[in-house]
Amino acid sequence: MKKLLIAVFIIFLSGCMQVGEFSPERHAQHELGRPDCEVTPEKCIHGVPW
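A. Spotlight on the overall build of the protein chain. Secondary structure summary: the protein chain contains two helices and two strands in total. Helices (α) and strands (β) of the protein chain occur, in sequence order from the N terminus, as α-α-β-β. When burial is assessed residue by residue, the protein chain has 6% of its 50 residues classed as buried.

B. Main features of the confidence of the model for the protein chain. Counting all residues, the mean pLDDT for the protein chain is 75, and 70% of those residues have values of 70 or more. When the elements of the protein chain are averaged for pLDDT, strand 2 (residues 48-49) gives the smallest value, 67, and helix 1 (residues 2-15) the largest, 84.

C. The arrangement of a nonpolar patch on the surface in detail. Taken together, the side chains of M1, L4, L5, V8 and F12 define a hydrophobic patch exposed on the protein surface, amounting to about 580 Å² of accessible area. Judged by its relative accessible area of 54%, L5 is exposed.

The rules behind these values
Residues numbered from 1 in each chain as written. Predicted model: local features only at pLDDT ≥ 70, side-chain atom pairs only at ≥ 80, totals over all residues. Heavy atoms only, no water. Helix = DSSP H or I, 4+ residues; strand = E, 2+ residues; numbered from the N terminus. Buried < 20%, exposed > 50% of the residue type's maximum accessible area, 1.4 Å probe, protein only. pLDDT = per-residue confidence, 0-100. Patch = residues over 30% accessible without salt bridge, like charges linked within 9 Å, V, L, I, M, F, W, Y side chains within 5 Å. Areas by Shrake-Rupley, 256 points an atom, 1.4 Å probe, with all protein chains shown as cover. Salt bridge = Lys/Arg side-chain N within 4 Å of Asp/Glu carboxyl O.

This is the structure in structure tokens:
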């Protein structure tokens, strides 16, 4: 039983990723609805994306 718990813990630990490490595709998805106000000012009101 102890070996099983250790194996499960190691599997969970290996599945973790460092905070802030995302693939370029993930960054693109995150930025999809957030326009850059300097590039597309028509999507922003007073410098705030809507």
